[in-house]
Amino acid sequence: MLKINKNYQKIKKNYIFTEISNKKDKYLKENQKAKIIDLGIGDVTLPLGKNLVKVMEKALAEQAHRSTFKGYPPENGYDFLKDQIIKYYKRRNVELNRKDVFVSNGACCDVTNILDLFNKNTTVIANPTYPAYFDSNFLQGNSIILESASVQNDFVLNPKNLNKKSYLIYLCSPNNPTGTVFSKNQLKQWVDFALKTKSIIIFDCAYESFIDDVKLPHFIYEIPGAKNCAVEIASFSKMAGFTNLRCSWTVVPTELKIGNQSLNNMWERRQCTKFNGVPYLVQKGAEYALSEEGFKECKKNIDYYKKNLKMLLKNLKEVGIETYSSQHTPYVWFKCPNKYTSWEFFDILLTQCQIVGIPGVGFGSAGEGFFRFSAFGRRKDIIEACKRLKKAHL
Ligand code: PLP
């Protein structure tokens, strides 16, 4: 008989977002008139910017002519998009070259696929954080150290409790779900630790475009030495509304090595074998989204979501709920009232307010007793959710 990966039997049967969706569907079946407001999964709701769509329409039209038709894209991205990404980093004084940059079809794929470069290590993961890190490391058979981020440490991790060993370290800033952003000093502690211990940081900056304070780092390479110890993964999903179109980038600096082995060469080899590139028209849209003009268009949508965030935070505070999110995130992270567990509060919200959110414990055990709302909803739904929260006696 063939051997299967038995680690699948050890992870939860359903991914957290699937579990929520199943519960929502069950409730709707039993309460067909319910008007549920879904503040659960962090998916964008605003349409793409008009100019961005025009750019992609033009790119699609090129495929209709023999002279401009394109077949397979380059596995690691067209130079026009790589150059635009390089320019985007220059705004934060980070110098990259084309070989460092890999265009891909989603940060979710790359934060998990990057494990192909490694073999059975110990991985440090924040608790709570984006659940794909935990599941993928578990499936790979890695040992996992969960580092709790809680009210006591302002939800900011630091490496001081770790033994001086080599680890894979996942860091997410702004963190999903807590919204915490590392300061330069806090991030420097991790870079220094990784350099000292020959660890590798996998830095997920999928929400960097939500950072509004110029002093806060968007990219790990703003910290000296990071090119020798970090891979960085970014996404167009939340920044430009590409959750459906699928486009992201990963930076594996040519300087990054384990012993004599270049991780850049390994990742290039991996992508060429297992990935066949992102569609031309999507990369054209992504190039536009990172241009000064295109970014302004995207920023309008980001600001809309951030206004939603402010409204949700204000209303939760007004009903006496403790909130912890920063202003640099699309997620509202708050403490469940009356010492409810995360799942108890999920049920209360669903039945009393017909609002769906995500139980904090779904992002790790340290999220127990907390809850996450997504601010990616439509304004009218956010207003209605705020009204319902105020009416309910939570
Ligand atoms: N990383 C984090 C922290 C996320 O929260 C998400 C999606 O919610 C992703 C990555 C996935 O991004 P993408 O849509 O590019 O796969």
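On a predicted model such as this, the values are computed, not experimentally measured, just so you know.

What to know about helix H5 (residues 131–140)
Line of reasoning, step 1. Along H5, the residues that are buried comprise Pro131, Ala132, Tyr133, Ser136, Asn137 and Leu139.
Line of reasoning, step 2. Where H5 is buried, its residues touch helix H1 (16–30), helix H4 (107–113), strand S3 (122–127), strand S4 (143–148), strand S5 (168–172) and strand S6 (200–204).
Line of reasoning, step 3. Gly141 lies just past H5 and shows a positive phi near 85°.

Let's talk about the pairing of strand S14 (residues 370–374)
Line of reasoning, step 1. Within S14, 5 of the 5 residues are buried, leaving the element largely enclosed by the surrounding structure.
Line of reasoning, step 2. Here S14 shows no split at all, with Phe370, Arg372 and Ser374 on one side and Phe371 and Phe373 on the other all buried.
Line of reasoning, step 3. Looking at chain direction, strand S11 (residues 331–335) and S14 are connected through 5 bridges and run antiparallel. By the bridge assignment for S14, Phe334 is matched with Phe371.

What about the pattern of salt bridges?
Line of reasoning, step 1. Enumeration according to the criterion identifies 20 salt bridges in this entry.
Line of reasoning, step 2. For Glu30, the salt bridge identified is with Lys26, shortest N-O distance 3.5 Å. With a gap of 4 residues between them, Glu30 and Lys26 both fall in helix H1, about one helical turn apart. Per residue, the accessibility class of Glu30 equals that of Lys26, and both read exposed.
Line of reasoning, step 3. We note a salt bridge from Lys184 to Glu222, for which the minimum N-O separation is 3.9 Å. Taken as a pair, Lys184 in helix H6 (residues 184–197) and Glu222 in the loop between S6 and strand S7 (230–235) lie far apart in primary sequence, 38 residues in all.
Line of reasoning, step 4. The class of Glu222 is buried, set by a relative accessible area of 14%.

Focus on the sheet that holds strand S8 (residues 248–251)
Line of reasoning, step 1. Across the sheet, 7 strands lie side by side as S2-S8-S7-S6-S5-S3-S4; this open sheet has mixed pairing. What marks the edges here is a single partner per strand, and that holds for strand S2 (101–104) and S4. For this sheet, the mean angle separating the axes of adjacent strands, direction not counted, is 20°.
Line of reasoning, step 2. Sheet topology note: the S2/S8 ladder contains 4 bridges and is antiparallel. From the neighbouring strand, Ser104 faces S8, where its bridge partner is Ser248.
Line of reasoning, step 3. Most of the contacts of helix H8 (residues 263–274) go to S2, to which it runs at about 25°, and overall it touches S2, S6 and S8.

Describing unusual backbone geometry
Line of reasoning, step 1. The step from Asn127 to Pro128 runs through a cis peptide bond, and the omega angle for that step is 10°.
Line of reasoning, step 2. Its location among the elements puts Pro128 in the loop between S3 and H5.
Line of reasoning, step 3. Cis geometry marks the peptide bond from Asn176 to Pro177, where omega comes out at 20°.
Line of reasoning, step 4. Of note, Lys198 is a non-glycine position whose phi angle comes to about 55°, a positive value.
Line of reasoning, step 5. When you line up the elements, Lys198 lands in the loop between H6 and S6.
Line of reasoning, step 6. Judged by relative accessible area, Lys198 falls into the exposed class, the value being 68%.
Line of reasoning, step 7. Notably, Gln354 is not glycine yet its phi reads approximately 50°, a positive angle.
Line of reasoning, step 8. Here Gln354 lies in the loop between helix H11 (342–353) and strand S12 (355–356).

Quick notes on the domain arrangement of the chain
Line of reasoning, step 1. Per the domain assignment, the segments of the chain are domain 1 (12–48 + 295–392) and domain 2 (50–293).
Line of reasoning, step 2. The C-alpha-based centres of domain 1 and domain 2 are spaced at 26 Å.
Line of reasoning, step 3. Every contact between the two is made by 33 residues of domain 1 and, on the other side, 44 residues of domain 2.
Line of reasoning, step 4. Overall, the association of domain 1 and domain 2 removes approximately 3,000 Å² of surface from exposure, summing both partners, and the carbon and sulfur fraction of that is 61%.
Line of reasoning, step 5. Our enumeration of links across domain 1 and domain 2 arrives at 2 salt bridges.

Describing the site of the ligand
Line of reasoning, step 1. Around the ligand there are 14 residues in total, and Asp204, Tyr207, Ser235, Ser237 and Arg246 lie nearest to it.
Line of reasoning, step 2. Interatomic distance of 2.8 Å between a backbone N/O atom of Ala107 and an oxygen atom of the ligand.
Line of reasoning, step 3. At 2.9 Å, a backbone N or O of Cys108 approaches an oxygen atom of the ligand.
Line of reasoning, step 4. Burial of the ligand by the protein amounts to 91% of the accessible area it has alone, namely 390 Å².

Structural notes on the nonpolar core
Line of reasoning, step 1. In this structure, Ile201, Phe236 and Phe373 are the most contacted members of the largest nonpolar core, which totals 97 residues.
Line of reasoning, step 2. The element best represented in this core is helix H10 (residues 292–318), accounting for 8 residues.
Line of reasoning, step 3. For this core, the two domains that each supply at least three residues are domain 1 (12–48 + 295–392) and domain 2 (50–293).
Line of reasoning, step 4. Residues contacting Ile201, with those up to four places away along its chain left out, are Ile169, Leu171, Trp190, Val191, Ala194, Ile220, Cys229, Ala230 and Val231.
Line of reasoning, step 5. Counting residues in each nonpolar core, the second largest holds 22 residues, with Phe102, Leu115, Val252 and Leu263 among its members.

Criteria and cut-off values
- Residues numbered from 1 in each chain as written.
- Predicted model: local features only at pLDDT ≥ 70, side-chain atom pairs only at ≥ 80, totals over all residues.
- Heavy atoms only, no water.
- Buried < 20%, exposed > 50% of the residue type's maximum accessible area, 1.4 Å probe, protein only.
- Helix = DSSP H or I, 4+ residues; strand = E, 2+ residues; numbered from the N terminus.
- Contact = heavy atoms within 4.5 Å.
- Pairing = 2+ DSSP bridges.
- Salt bridge = Lys/Arg side-chain N within 4 Å of Asp/Glu carboxyl O.
- Axes fitted to C-alpha atoms, helices over the stretch in contact; angles between N-to-C directions.
- Domains from an automatic or database assignment.
- Buried area = accessible area lost by both parts, 1.4 Å probe.
- Near = heavy atom within 4 Å.
- Polar contact = N/O pair within 3.5 Å; in protein donor to acceptor, adjacent residues only side chain to side chain.
- Areas by Shrake-Rupley, 256 points an atom, 1.4 Å probe, with all protein chains shown as cover.
- Core = buried A, V, L, I, M, F, W, Y, C linked by side-chain atoms within 4.5 Å.

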